[in-house]
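Single-letter residue listing:
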Amino acid sequence: NPLQEAEISDIDKDGVESIEYTIGSSHGTHIDAPSHFAKGKRNLSEVSQKERVLPLYVMDVRDKVKETPGYAVTVEDIKEFEAEYGELPAESFVALSTGWYKRFDDPEKFTNKDSEGTEHTPGWSIPALEYLSRTRNITAIGHETLNTDSGVEAAEAGFLDAQNYWLHENKYQVELMANLDKLPPVGSIIFVSMPHIKDSPGFPAEVYAVVPNK
C-alpha cells in the first residue's frame, strides 16, 4: 500500500503544521532486520550503529542484467570482482548495481512480469550469499530491487529463498537502493540511518555514501 497521510494540525488554522503518516516497514529504500524473515533473530533496534557505517563495495552487473533481466549473481561473479579489485574484507557492505532503480516510477517495468506472471528481476543466488556470509564474513548487502532473490528463481522456488537465507544468517540488508551506478566499485563508506522502533523487523532508511576525492 502507498504511504498515507492525515492532517493533525494546519499551519493556517492552528499555527502549527503536523501530519500523521502511515507507512509499511518495507516501504521505499529500507533496511530489513534479520527478524523480518527469521524468527528469534535480531530486530532493527539490535542492529548496531557500528554495523551501519561500513566500507562499501559496489558490484556492477548491469551488462548481464541488460541481457538477462532475471539474472542471479553467482559466486563466479564475486570472484571476478575480487580478481579485479581485491578480496572483499570482512565486516563490509556489498551492494549490487543493476540499474533497476531507474524503473522505480514505472510499476510494470519494475516488476517486469512475463505472460505467466513471473517477475524477471535481478537478484542474488544463494551460493553467492553463502560465499559472502561464510567465506568473506560480509556484514550486510544491498540491492535496487524489492527482493533479494532473482524474480525467476523466486518463482521456481515458490518463496524468497535467498532473502530467507541471508536474514537467517542474522545479517541485515537494504532494499530499493538507488544511484549505485554513480559510485566507484571500492573506496566509499556507506551510512545506513533510520528511526529506532522497538522490535521492528525493518523501516524506511536514509542511506548515503561518502565517496573518495578523485
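Scroll up to find the structure.
Along each chain, numbering runs from 1 in the same order as the chain's sequence is written. Predicted model: local features are reported for residues with pLDDT of at least 70 only, side-chain atom pairs are reported and counted for 80 or more only, and whole-chain, interface and lining totals are derived from all residues. As a rule here, side-chain values cover all heavy atoms of the structure and leave hydrogens and water aside.

Brief notes about the packing of helix 5 (residues 126-135) against helix 7 (residues 161-168)
Inference 1: Lines fitted to C-alpha atoms define the axes here, with helix axes fitted over just the stretch in contact, and angles between the N-to-C directions of these axes take values from 0 to 180 degrees. Secondary structure elements are defined from DSSP: runs of H or I of at least 4 residues count as helices, runs of E of at least 2 residues count as strands, and each element is numbered from the N terminus. Interhelical geometry of helix 5 versus helix 7 gives an angle of 10° and a closest axis separation of 9 Å. Regarding the angle of helix 5 to helix 7, the classification is roughly parallel. On helix 7, the residues touching Ile126, Leu129, Glu130, Leu132, Ser133 and Arg134 of helix 5 are Asp161, Ala162, Tyr165 and Trp166.
Inference 2: When the residues that make up the contact of helix 5 with helix 7 are grouped by side-chain class, the tally is six nonpolar, one polar and three charged. Roughly parallel covers angles under 35 degrees, roughly antiparallel covers those over 145, roughly perpendicular covers 65 to 115, and oblique covers all other angles. Should any heavy atoms of two residues lie within 4.5 Å, those residues are counted as being in contact. Under this grouping Gly is polar, as are all residues other than the nonpolar Ala, Val, Leu, Ile, Met, Phe, Trp, Tyr, Cys and Pro and the charged Asp, Glu, Lys and Arg.

Brief notes about the sheet that holds strand 9 (residues 172-175)
Inference 1: Two strands pair under a simple rule: DSSP has to find at least two bridges between them. The eight strands are arranged 11-3-9-8-6-4-10-12 in an open sheet whose pairing can be described as mixed. In this open sheet, the two strands that pair with only one neighbour each are strand 11 (202-204) and strand 12 (206-210). Within the sheet, the average angular offset between the axes of one strand and its neighbour, ignoring direction, is 25°.
Inference 2: The pairing of strand 4 (residues 53-60) with strand 10 (residues 188-193) spans four bridges and is antiparallel. Residue pairing in the sheet places Val53 in a bridge with Phe191 of strand 10.

Thoughts on the nonpolar core
Inference 1: In this text, buried Ala, Val, Leu, Ile, Met, Phe, Trp, Tyr and Cys residues form a nonpolar core when linked through side-chain atoms within 4.5 Å. In this scheme, a residue with accessible area under 20% of its type's maximum is buried, one over 50% is exposed, and one in between is partly exposed, where area comes from a 1.4 Å probe on protein chains only. Among the nonpolar cores identified, the biggest contains 25 residues, and Val73, Ile78, Leu88, Val94, Trp124 and Leu132 are the most heavily contacted of them.
Inference 2: Counting 19 residues, the second largest nonpolar core, distinct from the first, contains Leu44, Leu56, Ala95 and Leu180.

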